[in-house]
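Coordinate inspection notes
Chain by chain, the residues run as shown.
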Amino acid sequence: MNIVPKPYKISKREGFIKLPKNLSIYIENFENYKFSTFIKDLYSKFNIGFKRDSKFKIDLELNSSLSHESYILDIDESITIKSKEEKGFLYGLLSLIQLFDESIFDSDREELKLKKIYIEDKPSLGYRGMHLDVSRHFFKADFIKKYIDILAFYKLNSFHWHLTDDNGWRVEIKKYPKLQEISAWRAPRTGSWLSREEEKEGEERSYGGYYTQDEIREIVEYAKDRSIEIIPEIEMPGHSVEVIAAYPELGCFNQKVTVPTGSYWPNDDIFCGGKEEVFTFIENVLDEVIPLFPSKYFHIGGDEACKTNWDKCPLCKKRMEEHGLKDSKELQSYFIKRIEKFLNSRGKDLLGWDEILEGGLAPNAIVFSWQNEDGGIEACKNGNRAVMVPNSHLYFDHYQSDEGSEARAFGGYSPIKRVYSYNPIPSKLEGKEKDFILGTEGCLWTEWVPTESHAEYMLLPRLVALSETAWCSSEDKCWEKFKAKLPYQYKILDSLGYNHGTGSTVLDITRKFIDGRYLITVDSEIIGSEIYYSMGGEFKLYEKPIEIESSVKFVARQLLNGKQIGKDQTLVISSHKGFGKRSYYNKPFSHKYPSTFEYGLSDGVYGGLDHTSEGWQGFEEGINLYIDLEEIVNFSKVNLNLLERKEVHIFLPKKLEISISSDNLNYETVYSDNSNYSSKEGKSIKEYSVFGDFKARYIRVKANSFNREEVAKDLNIPIMWLFLDQVTIE
């Protein structure tokens, strides 16, 4: 069965209903349903029409006992969809179109066959969203509608519309016409987003655009007919330089700036936190935007607000003194709480990225946890609601295949399988704390996404995986069964006219340590490919997990129709005296970068410059651990490697110590390193080694991070990561 997202409960029946190739459907009072135009257009892509005199009838039956968004689809000799509401009927019809056999994709078909089945379906999460950034690159209204269509098809119910940011303001505000005249436009540039030439004096600003209020009303109504709620985002206090380009008096120092043509970081030019006219401006803007969007939710951004100017601004300092605010973080909290009160007075709930936690969270605010899961967890434990959007899994501006085979992306790697693997209910939440998770959302930022076709490619097919992740409970998902449905889903996307990927050419090589041995599993997202492997000899067909007990160079290769796709992937396992021994942690590793968990530092696998590779174990709070060799051992060298990648906040330690012990009580320090911070950019791996005539059972490693103030006082660095790959004992 090919339905995505997977229904909650399925009762299979024998056989099919055979139907004519030119099928027409009759639904009583069909035109009275808001979704009728959407469903007509959708079914027409598969050469299925709707006629009043058709003998093929679908009954839509009200059933008040069913829950919100749930439906029953009963296909036997007749077809009935039951629901308490129109949305449930829509979802039933969206599932129905996926129950036809593959002849539905054939324009020369002889007949159609529809699977007989009984489905009871309901979502596990109430908020199932997808985001689109239209500031970095502008997308016209017709594309926004096409974007909404595919969200609706996969039963998402929320479209998060990121309308403003540093690179362009995209909504008409009649009280402030310069937002349309200046803030919506920038000097045209192509090439790398990171190194674009700034606007020249007198240069024409020809790239950009904005949506009129009438266009927005039309799009909101269009989405409503598809059971999609649109949530607007107006960024504040940061990511607002495009506003200051038009109204410089809203910044701290009335500085003259232009709308950035590309990357703008750090974003120092933000709304002044000390000027009353800033709040007047924002409230006036909100009073024009709020009536356009019926949603009870309103997103205000709140992320990455660099407070350099606030720390220097006399008016900001005065505001802090008057309100007893100890620093600029608390000033941001004041800013957010003040806007929340205004939004609440207009009947709206405030949403914001997880930085709104800084300095104290607004009472009713909803946190969008993007940096990792911690912000959402903190919010839920505090009694606030949260939507989980961790960039590690749900940022669709990351690569979804081999970096060399795709157009430039922001970075990172989030293939279909990683999106599908995400569980929106964090394991650290207990009992009723889990009830504060509203749902989950994918994000498509568009710094590196200049065209509509490219946006579709970045969205799809990862949206298909997100759909099932958001609809189904974690226990009800199965990657292998989901993967088997992808060929059918690709044909649907082709029929609907969307550009899409077909899976990552990067093989997923996973490893488990069991009783001192490796069990290596290899998986592919490419349907129909064959996997071959070598361990020093000829390549053999991979058919089942491979056991490895000692040092080896494991090479995997993927073929499709007899031709290699992607690159060979190599896993080098190096045995040593600590191989397969367990680590014990006084400071935990991050479950975002766990390697092979307690065996990650002794599994013989070294990390490269890619911090997301499984060789690396990441630490957020410094390193304090020991490895138990299980007996006293003679050895002459201890070696370990740490990664430095400042652009993703991974730094070398300020201080590192290696100690040894025979009883785990009395330790002797055999190596110590104290470093000064270097601002030099780049990626590197630093090796730390100590030589000697050693005899011990326990090896302890401690490492401390630099303070944020020592590294980049003016930058917003949430975590000072340390990355360790292997503790080698020889």
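Placed above this text is the structure.
Summary of the structure given here.

Scoring rules and cut-offs
Residues numbered from 1 in each chain as written. Predicted model: local features only at pLDDT ≥ 70, side-chain atom pairs only at ≥ 80, totals over all residues. Heavy atoms only, no water. Pairing = 2+ DSSP bridges. Helix = DSSP H or I, 4+ residues; strand = E, 2+ residues; numbered from the N terminus. Axes fitted to C-alpha atoms, helices over the stretch in contact; angles between N-to-C directions. Buried < 20%, exposed > 50% of the residue type's maximum accessible area, 1.4 Å probe, protein only. Phe/Tyr/Trp six-rings, centres within 6.5 Å; stacked < 30°, edge-to-face > 60°. Lys NZ or Arg CZ within 6 Å of the ring centre and 35° of its normal. Expected span 1.5 Å × (residues − 1). Contact = heavy atoms within 4.5 Å. Parallel < 35°, antiparallel > 145°, perpendicular 65-115°, else oblique. Nonpolar A, V, L, I, M, F, W, Y, C, P; charged D, E, K, R; others polar. Core = buried A, V, L, I, M, F, W, Y, C linked by side-chain atoms within 4.5 Å. Domains from an automatic or database assignment. Salt bridge = Lys/Arg side-chain N within 4 Å of Asp/Glu carboxyl O.

Attention now moves to the sheet that holds strand β26 (residues 546–548). Ordered by their spatial adjacency, 3 strands build an open sheet running β22-β23-β26, and the pairing between neighbours is antiparallel. Each edge of the sheet is formed by a strand with only one pairing partner; in this case those strands are β22 (508–514) and β26. When strand polarity is set aside, the average angle formed by the axes of neighbouring strands in this sheet is 25 degrees.

As a further point, take unusual backbone geometry. In this structure, P5 follows V4 across a cis peptide bond, with omega equal to 0 degrees. Here P5 lies in the segment before β1 (9–20). Note the cis peptide between W265 and P266, where omega equals -5 degrees. Its location among the elements puts P266 in the loop between α6 (241–246) and α7 (276–289). Despite not being glycine, N561 shows a phi value in the positive range, around 55 degrees. One can find N561 in the loop between β27 (552–560) and β28 (563–564). The exposure class of N561 is exposed, given its relative accessible area of 74%. In this structure, N664 takes a positive phi of about 65 degrees despite not being glycine.

Attention now moves to the packing of aromatic side chains. The geometry of an aromatic ring pair comes down to the distance between the two centres and the angle between the two planes. Within this structure, the stated rule accounts for 43 aromatic pairs. Judged by centre distance (5.6 Å) and plane angle (50 degrees), the ring pair of W353 and W445 falls under tilted. Of this pair, W353 sits in strand β16 (residues 349–353) while W445 sits in the loop between β21 (437–442) and α14 (452–459), and the two are 92 residues apart along the sequence. In terms of burial, W353 and W445 fall into one category: buried. Site record: aromatic cluster; members linked through ring pairs are F138, F139, F143, Y147, F159, W161, Y211 and F293. Lying over the aromatic face of F16, K115 brings its terminal NZ or CZ to 5.3 Å of the ring centre. The lysine or arginine in question, R408, covers the ring of W448, its NZ or CZ lying 4.1 Å from the ring centre.

Another point: helix α2 (residues 86–96). Counting buried positions along α2 gives 10 out of 11 residues, so the element sits mostly inside the fold. Turning to α2, its buried residues number three or more, namely K87, G88, F89, L90, Y91, G92, L93, L94, S95 and L96.

The first and last C-alpha atoms of helix α5 (residues 213–224) sit 16 Å apart over 12 residues, in line with the 16 Å expected at 1.5 Å per residue. Contacts from the buried residues of α5 go to α3 (141–153), β9 (158–162), β14 (229–236) and α7.

Before going further, it helps to spend a moment on the packing of helix α9 (residues 314–322) against helix α10 (residues 328–345). At a minimum axis separation of 10 Å, α9 and α10 run at an interaxial angle of 80 degrees. By the angle between their directions, the pair α9 and α10 is classed as roughly perpendicular. Residues C316, R319 and M320 of α9 touch α10, and the partners they reach there are S328, L331, Y334 and R338. Looking at the contact of α9 with α10 residue by residue, the classes come out as 4 nonpolar, 1 polar and 2 charged.

So, about the nonpolar core. Grouped together as the largest cluster of nonpolar side chains are 150 residues, with contacts concentrated most on I39, I150 and W161. Counting residues per element, this core draws most heavily on α3, which supplies 9 residues. Three or more residues apiece are contributed to this core by two domains, here domain 1 (9–121) and domain 2 (127–496). Once you skip the residues sitting within four places of it in the chain, I150 turns out to touch L459, L460, L463, L493, L496 and Y498. The next biggest cluster of nonpolar side chains, apart from the first, holds 29 residues, and it includes F619, I623, A696 and I699.

Counting across every chain of the model gives 38 salt bridges. Among the ionic pairs, E102 bridges to K491, the shortest N-O distance being 2.3 Å. Of this pair, E102 sits in the loop between α2 and β7 (111–121) while K491 sits in helix α16 (residues 479–496), and the two are 389 residues apart along the sequence. In this structure, E644 engages K646 in a salt bridge whose closest nitrogen and oxygen atoms are separated by 2.8 Å. When its relative accessible area of 13% is taken as the criterion, E644 is described as buried. Taking the relative accessible area as the measure of exposure, K646 reaches 7% and is therefore buried.

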